[in-house]
Amino acid sequence: MKFLFFARLGLMIPALGAPFLGAAPATLADFQAQASRSNAVLTLPAYPVTSAEIQAQVEAALKSADAAFEAIAALDPAKLTFENTFVAYDRNTAAVVNVSLVVGTVAESSVDKAMRDTANELSVKIEEWSVGLDYREGLYRALKTLADRKPALDREQQRLVDDQMRGYRRAGLGLPPAERAEVERLRKDLAALTTQFGININEARAPLDLSADELAGVPQSLLDSPGVKQPDGRFRVMANITWHVTTIMENARSEETRKRVNLARTTLAITKNVPVLTKMVVLRADLAHRLGYNNWADYQTETRMAKTGATAVKFEEDLVAGLQPKFDAEMKVLQQMKATETGRADAKVELWDVPYYQNQLKKTRYAVDTEALRVYFPYQATLEGMFAIYQKIFGLKFTAVEPPYVWAKGVQLYVVQDSASGTPMGAFYLDMFPREGKFNHFACFSQKTGGVMADGRYDLPVAALLCNFPAPSADKPSLLMHSDVETLFHEFGHVMHGMLSRSRFVAQSGFTVPRDFIEAPSQMLENWVWDKTVLDSFAADYRDPAKKIPADTITALISARQATDGYYNRRQLAVGSLDLKIHTLSADEAWLADVVELTNGVTGKITLTPAPGTAWAAYIGHLAGYDAGYYGYLWAKVMAIDMASVFKAAPGGFLDEKVGRRLRDEVYSVGDTRDVAESVEKFLGRPRSQEPFLDYVGIRK
Ligand SMILES: [Zn+2]
């Protein structure tokens with residue numbers, strides 16, 4: 001069942017004589033009054049300020065939901081209605097979800113370590129509660145009884161019923177008791193193996209002691225970093241520390257050194273995790289078979305856009321073929337570089353040569369000083385520039401208001417309105433700079449999901465961005481990298497997805513879309529920061545705002561990205577394809593499968609042949625947790641670029657309001673109320689295509 005995570009929205013417009021007529025709303029209270037005039041409610045989550053408070057909130061939410069579910073289970077079968085079963089279920093799970101969102105925010109953002117610890121413990125408790133939700137027999141029977149009666153329902157209601165019943169079937173509730181018990185046992189075994197696979201990866205260590213000669217070309221910063229220099233004068237690098245590996249693979253002039261590091265890296269966790277992976281593959285195939293699927297990939301993709309393992313496999317195969325000319329051209333360049341450097345015309349490019357020659361290529365032929373570009377992206381101007389763009393294309397207005405409460409100094413609150421009607425749509429917090437104990441990446445955290453309340457009013461969504469942009473100093477504003485600007489456009493895209501969602505049921509809001517789609521709208525918006533018109537609308541040298549980024553700098557940035565994009569994407573496809581290879585085996589095939597042979601075989605076909613005795617699959621964490629799912633990264637990215645191409649071709653380009661409005665209406669607003677494939681095609685106005693992606697990586701027709 002979908003235990004969801006995000007979304008929201010709102011409305012308003014004063015009638016003549018309304019108190020705020022003539023004056024723009026400026027306080028949260030103004031917006032709340034406006035919302036209530038359009039049958040909506042704009043309330044912020046109640047943030048706990050002590051560990052006891054957060055504990056009490058969680059206990060109350062779980063208790064209330066438990067009571068509601070028991071009440072549903074106890075209903076007289078003759079009196080079951082869609083409203084008192086499925087809608088009640090949706091509202092009560094939403095209440096728990098909303099508390100869990102606040103708990104998640106506290107865990108990642110509180111300035112008080114005790115609060116963060118309590119929140120982390122409570123997150124585990126809520127997670128356990130949500131897993132048990134599938135197995136409440138009485139609740140299941142009540143929902144099933146109503147579903148079996150096939151009441152007359154509209155599209156969204158029917159979808160709610162179908163998704164819920166599908167969730168039960170996937171959990172094994174459709175099976176006879178003995179078989180169900182066996183499925184539960186297998187699931188527990190699988191969960192234990194999944195955890196073990198991750199632990200083995202975390203615990204794997206591979207030190208290599210290398211001399212200064214062997215490390216020629218490697219930056220001094222690595223040699224000087226703590227623990228590297230040894231008493232005997234050699235340098236100890238760790239093949240399990242990614243940046244050690246990357247730095248050596250990109251810079252060490254000795255092929256022998258690169259090969260040794262590559263071998264150490266691709267044998268990490270091999271003795272422990274090859275048996276674990278083998279067992280997981282067998283268990284997953286067995287589970288899928290017992291639940292009525294051909295294979296694990298079919299089970300995993302059923303709830304995603306791909307819907308079947310075969311569709312995901314075909315997507316990967318088509319893209320491997322589509323990228324072939326680019327991959328060949330890039331490999332030819334690398335081969336020439338290796339031939340020149342080694343003096344051997346027939347020098348063969350191996351896996352351990354690729355990062356080294358790619359880096360040489362970027363330095364010699366595509367040098368762009370990305371540090372120097374920072375002057376064009378002072379944080380505040382960049383944020384405001386992005387706001388202006390999103391307000392324009394989506395027809396919105398953002399207003400900063402005084403927040404009644406913030407979890408840390410400097411956090412800001414904004415209200416989002418529909419610009420045509422003035423209707424409040426929701427609110428978002430910005431928490432943009434690093435501090436001790438805070439979440440250390442960049443992400444959008446939903447604070448409250450939007451949906452219709454029992455009294456018919458719309459409960460507007462709330463979101464928060466937790467980011468770690470460089471903080472401003474006394475004499476200099478915060479200056480962003482171009483890649484930071486791309487991240488900002490991406491993450492704020494998630495905020496938009498949440499704000500614009502207008503689903504009636506919480507289980508169908510914007511953030512509940514399938515996992516192989518959820519990144520697409522945000523990835524699409526990354527394309528904006530590679531466009532001169534977009535950049536010129538806000539990017540300017542902070543010391544002399546008349547200075548814009550030169551056109552050839554942008555071209556050079558794009559060329560640098562494209563120089564290695566063929567190989568990069570083929571590598572992504574290698575992981576996606578080996579993941580599908582071992583998860584499209586039938587139960588019988590899985591028993592006989594040699595996972596190393598299969599995964600190395602796929603890798604060799606899509607990138608380069610791995611060295612004998614290695615098994616990089618043993619160190620790919622995604623195979624335990626995002627299994628039969630890695631294809632989803634490229635699936636979403638290809639779709640994102642396909643969607644961006646519609647803007648590119650529009651009269652207004654990336655700032656085209658008509659296309660923006662269509663995106664808002666056909667994709668963001670509908671959330672998961674219908675199949676997202678349908679939504680995407682309605683937006684595109686044609687079937688999906690891989691062509692814009694191939695163009696993006698530099699394959700010219
Ligand atoms: Zn994202």
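Report follows, based on the coordinates. Since this is a predicted model, take the numbers as computed values, not measurements.

Here aspartate 565 shows up in helix H20 (residues 565–583). Setting aside residues no more than four positions away along its own chain, aspartate 565 makes contact with Lys326, Glu330, Tyr696 and Val697.

Moving on, we come to the side chain of glutamine 157. Secondary-structure assignment places glutamine 157 in helix H6 (residues 155–170). Once residues within four sequence positions are removed from consideration, glutamine 157 is found in contact with Phe82, Arg504 and Phe505.

Glancing now at the pairing of strand S5 (residues 412–418). Extensive coverage of S5 is indicated by the burial of six of its seven residues. Bridge analysis of strand S4 (residues 396–401) against S5 gives six bridges, and the strand direction is antiparallel. When the sheet's bridge partners are listed, alanine 400 is paired in S5 with tyrosine 414. Here S5 folds back onto strand S6 (residues 424–431) in antiparallel fashion, the turn holding five residues, of which glycine 422 has a positive phi close to 80°.

Attention now moves to the coordination of the zinc ion. Those donors, His490 (NE2), His494 (NE2) and Glu519 (OE), are the protein atoms that reach the zinc ion, and they lie 2.1 to 2.2 Å from it. For the zinc ion, the single-chain donor residues occur in sequence as H-x3-H-x24-E. Of the two residues, histidine 490 and histidine 494 are both situated in helix H16 (residues 482–500); the distance of four residues between them amounts to about one turn of the helix. Neither histidine 490 nor histidine 494 differs from the other in exposure class; each is buried.

Turning our attention to the state of the cysteines. Per the counting criterion, the structure on display carries zero disulfides. Note on cysteine 444: no disulfide assigned, nearest cysteine sulfur contributed by cysteine 467 at a separation of 9.0 Å. Residue classification places cysteine 444 among the buried residues on the basis of a relative accessible area of 8%.

A separate point is empty space enclosed by the protein. Applying the stated criterion across every chain yields a total of one cavity of 30 Å³ or more. In this structure, the largest cavity encloses a volume near 50 Å³. Secondary structure elements with two or more residues in the lining of the largest cavity: helix H17 (520–526) and helix H23 (631–649). Grouping the amino acids of the lining of the largest cavity by side-chain chemistry returns four nonpolar, two polar and three charged.

One pass over the structure, following the stated rule, counts 38 aromatic pairs. With 6.1 Å between their ring centres and 25° between their planes, phenylalanine 69 and tryptophan 129 make a pair best called stacked. With a gap of 60 residues between them, phenylalanine 69 in helix H2 (residues 51–73) and tryptophan 129 in helix H4 (residues 113–133) connect regions that are remote in the sequence. The residues phenylalanine 69 and tryptophan 129 share a single accessibility class, namely buried. Grouped by ring-pair contacts, the aromatic residues Phe387, Tyr390, Phe394, Phe398, Tyr414, Phe428, Phe489, Phe492, Phe538 and Tyr668 constitute a single cluster.

The rules we used
Residues numbered from 1 in each chain as written. Predicted model: local features only at pLDDT ≥ 70, side-chain atom pairs only at ≥ 80, totals over all residues. Heavy atoms only, no water. Helix = DSSP H or I, 4+ residues; strand = E, 2+ residues; numbered from the N terminus. Contact = heavy atoms within 4.5 Å. Buried < 20%, exposed > 50% of the residue type's maximum accessible area, 1.4 Å probe, protein only. Pairing = 2+ DSSP bridges. Donors = N, O, S within 2.8 Å, 3.2 Å for Na, K, Ca; no water. Disulfide = S-S within 2.5 Å. 1 Å grid on protein atoms, 1.4 Å probe; cavity = no way out; pocket = protein on both sides within 12 Å on 5 of 7 lines; lining within 4 Å. Points joined across faces, edges and corners; volume = space filled by probe spheres on them. Nonpolar A, V, L, I, M, F, W, Y, C, P; charged D, E, K, R; others polar. Phe/Tyr/Trp six-rings, centres within 6.5 Å; stacked < 30°, edge-to-face > 60°.

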